[in-house]
Amino acid sequence: MLLDGRAPMMTLKPVFSDEADFRLLNDFQRDFPLVTRPFARIATDLGVTEAGVLSRLNGLREGGTVSRVGPVFSPRRIGASTLAALKAPPDHLDDIAAVVSAHPEINHNYAREHAWNLWFVVAAPDAVALARVLREIRRETGCPVIALPLRVEYHIDLGFDLAGNGRTTSQVSYGPVEPEVLTDTEVAVMQVLQFGLPLVSRPFASVGNSAGVSESIVLGTVRDWIARGIVKRFGVIVRHHELGYRANAMCVWDVPDDQVDALGERLAAADGVNLCYRRARAEAWPFNLYCMIHGHDQAAVREQLATIVAQCGLGRFPAEVLFSTRRFKQCGARYAADRARND
């Protein structure tokens with residue numbers, strides 16, 4: 001699936017079958033009802049039936065617009081994760097991407113326009129497992145690999161505003177974060193829930209049946225995770241490309257360490273910035289400030305980026321813009337190892 005924004009400017013806009021579909025995708029990316037029958041509660045809000053909500057979500061998931069319904073875990077609160085990149089020979093990119101995507105710890109895997117042409121996110125139960133996956137990828141692909149762990153979140157993963165009415169920035173998280181130690185019950189729930197809620201009338205009861213705990217324990221666990229910051233948001237997870245936002249640009253800058261936080265906060269507040277964070281540098285990669293911008297095509301994104309750079313005073317710093325060209329994998333992070341792998 002090409003993601004290089006070759007469609008004419010302003011022709012790709014999200015298309016919804018009706019207002020209920022739009023609200024289902026836009027309003028329930030967060031603040032999802034944590035109740036016994038959440039889809040019935042949503043149905044009441046939308047003025048449709050519970051069966052209608054489930055049918056819509058199934059259709060949107062099968063069509064690719066919805067990835068899943070479930071939690072977005074905070075990347076530094078549990079397990080271990082990192083953004084990574086490798087240099088693949090262009091004529092072998094697809095084969096190498098397939099090797100990377102085959103690892104269950106990989107949740108995002110994109111080709112981008114750069115010499116470092118394959119970018120992926122690794123999420124694992126702990127740092128030892130994370131290092132193992134990176135070693136395996138280096139060995140299996142024979143390609144140079146760099147790891148770029150998250151250092152500071154300025155604005156990250158609060159959903160995608162389809163109405164264009166602005167969005168709420170997250171609280172900046174500085175300094176090292178000690179990962180939470182989960183109980184056996186929490187791990188059991190996570191092993192099921194990380195794949196998303198089943199689209200049934202009582203999804204939390206279904207998760208409980210699979211995890212070997214009660215429905216009330218599942219609901220209590222999720223509420224507790226949100227309160228503790230382990231889960232950043234819980235709700236409908238949409239895919240930007242299927243909504244018409246086909247230009248996906250990762251923008252990076254090399255900013256002096258004593259200036260990066262002030263500029264990062266300014267960048268995070270700019271209109272059009274969907275994600276913004278600071279990452280560790282690598283020997284072959286000097287950049288430490290990142291943001292993501294999504295648009296209908298590359299021209300729209302470049303225009304938005306030029307405005308952001310001027311507003312934030314970023315023009316004096318070395319920078320790169322890496323547009324996605326292929327999406328090889330996109331799913332939820334797997335912080336709890338699959339039971340089958342542990343048996």
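Please refer to the structure placed before this passage.
Model, not experiment: these values are computed from the prediction. Once a new chain begins, its residue numbering starts again from 1 and follows that chain's sequence as written. Local features are withheld for residues below a pLDDT of 70 in this predicted model, meaning they are given only at 70 or higher, and side-chain atom pairs are given and counted only at 80 or more; totals for whole chains, interfaces and linings count all residues. Only heavy atoms go into the side-chain values, all of them from the structure, while hydrogens and water stay out.

### Brief notes about the packing of aromatic side chains
For Phe, Tyr and Trp, where Trp contributes only its six-membered ring, two rings pair if their centres lie within 6.5 Å, and the inter-plane angle classes them as stacked under 30 degrees, edge-to-face over 60, or tilted in between. Counted according to the given criterion, the structure contains seven aromatic pairs. Ring centres of Phe32 and Phe39 lie 5.8 Å apart, and the angle between their planes is 75°; on these two criteria the pair is classed as edge-to-face. Exposure classes here rest on a 1.4 Å probe applied to the protein chains alone. A residue is buried below 20% of its type maximum, exposed above 50%, and partly exposed in between. Here Phe32 falls in the buried class, since its relative accessible area comes to 5%. When its relative accessible area of 0% is taken as the criterion, Phe39 is described as buried. With a centroid separation of 5.6 Å and an interplanar angle of 70°, the aromatic rings of Phe73 and Trp225 are classed as edge-to-face. Remark: Trp225 occurs in helix H8 (residues 215-228) and Phe73 occurs in strand E1 (residues 66-73); sequence separation between them is 152 residues. A single burial state applies to Phe73 and to Trp225, both of which are buried. The helix and strand labels rest on DSSP assignments: H or I over at least four residues marks a helix, E over at least two residues marks a strand, and numbering proceeds from the N terminus.

### What about helix H3 (residues 50-62)?
Over its 13 residues, H3 runs 18 Å from end to end, which matches the ideal 18 Å to within 8%, given 1.5 Å per residue. For H3, the set of buried residues is Glu50, Gly52, Val53, Leu54, Leu57 and Leu60. Only heavy atoms enter the contact rule, under which two residues are in contact if any of them lie within 4.5 Å. The inward-facing, buried residues of H3 contact helix H1 (19-27), helix H2 (38-46), E1 and strand E7 (231-238). To estimate how far a helix should reach, multiply one less than its number of residues by 1.5 Å.

### What to know about the pattern of salt bridges
For salt bridges, the criterion is a side-chain nitrogen of Lys or Arg within 4 Å of an Asp or Glu carboxyl oxygen. Within this structure, the stated rule accounts for 14 salt bridges. The shortest N-O distance in the salt bridge between Arg37 and Glu50 comes to 2.7 Å. You can see Arg37 sitting in the loop between H1 and H2 and its partner Glu50 sitting in helix H3, a full 13 residues away along the chain. Judged by its relative accessible area of 16%, Glu50 falls in the buried class. Between Asp254 and Arg281 there is a salt bridge, with its nearest N and O atoms 2.5 Å apart. Here the residue Asp254 occupies a position in the loop between strand E8 (247-253) and helix H9 (260-268), and Arg281 occupies one in the loop between strand E9 (275-279) and strand E10 (289-295), the gap between them amounting to 27 residues. Asp254 gets classed as partly exposed once you look at its relative accessible area, which sits at 22%. For Arg281, a relative accessible area of 33% gives the class partly exposed. Residues joined in a network through salt bridges with shared partners are Asp254, Asp257, Asp261, Arg278 and Arg281.

### Let's talk about the packing of H9 against helix H10 (residues 298-312)
Between N-to-C directions, angles span 0 to 180 degrees; the directions come from axes that are lines fitted to C-alpha atoms, helices contributing only their stretch in contact. Packing of H9 against H10 leaves a shortest axis separation of 10 Å and a crossing angle of 135°. Judged by the inter-axis angle, H9 sits oblique to H10. Crossing of H9 against H10: the hand is right-handed. Where H9 approaches H10, its residues Leu263, Arg266 and Leu267 are matched on the opposing element by Ile308, Gln311 and Cys312. Any residue outside Ala, Val, Leu, Ile, Met, Phe, Trp, Tyr, Cys, Pro, Asp, Glu, Lys and Arg is labelled polar, Gly included; the first ten of those are nonpolar and the last four are charged. Considered class by class, the residues forming the contact of H9 with H10 number four nonpolar, one polar and one charged. Geometric relationships in this document are graded by angle, where less than 35 degrees denotes roughly parallel, more than 145 denotes roughly antiparallel, 65 to 115 denotes roughly perpendicular, and other angles denote oblique. Crossings are classed by handedness, with left-handed meaning an anticlockwise turn of the near helix from the far one by less than a right angle and right-handed meaning a clockwise turn.

### Overview of the nonpolar core
Counting residues in hydrophobic clusters, the biggest one holds 42 residues, and the most contacted among them are Phe32, Trp225 and Phe234. Those elements that provide at least two residues to this core are H1, H2, H3, E1, helix H6 (184-193), helix H7 (203-211), H8 and E7. With five residues, H6 is the largest single contributor of residues to this core. Each nonpolar core is a collection of buried residues, namely Ala, Val, Leu, Ile, Met, Phe, Trp, Tyr and Cys, held together in the definition by side-chain atoms within 4.5 Å. If you look at the next biggest cluster of nonpolar residues, it comprises 24 residues, including Val255, Cys291, Ile293 and Ile308.

### Quick word on helix H5 (residues 127-141)
Helical geometry note: an α-helix holds 3.6 residues per turn, so side chains three or four residues apart project in the same direction. Between its terminal C-alpha atoms H5 stretches 21 Å, which fits the 21 Å expected from 15 residues at 1.5 Å a residue. Every buried residue belonging to H5 is among Ala129, Leu130, Val133, Leu134, Glu136, Ile137 and Thr141, and all of these are buried. Down the axis of H5, the buried set is contained in an arc of 160°. They therefore lie on one face. Facing away from the buried surface of H5 by more than 90 degrees, the exposed residues are Ala127, Val128 and Arg139. On its buried face, H5 is in contact with strand E2 (80-86), helix H4 (93-101), strand E3 (106-112), strand E4 (118-124) and strand E5 (145-148). Polar contact criterion, stated in full: a pair of N or O atoms within 3.5 Å, where within protein one must be able to donate a hydrogen and the other to accept it, and residues adjacent in sequence count only if both atoms are side-chain atoms. In this structure Asp126 caps H5, since a side-chain oxygen of it lies 3.2 Å from the backbone nitrogen of Val128. Positioned one or two residues after H5, Gly142 has a phi angle of 70°, which is positive. The arc under discussion is defined with respect to the helix axis, by the directions toward the C-beta atoms.

Everything listed here is a matter of coordinates, which is why it stays silent on function.
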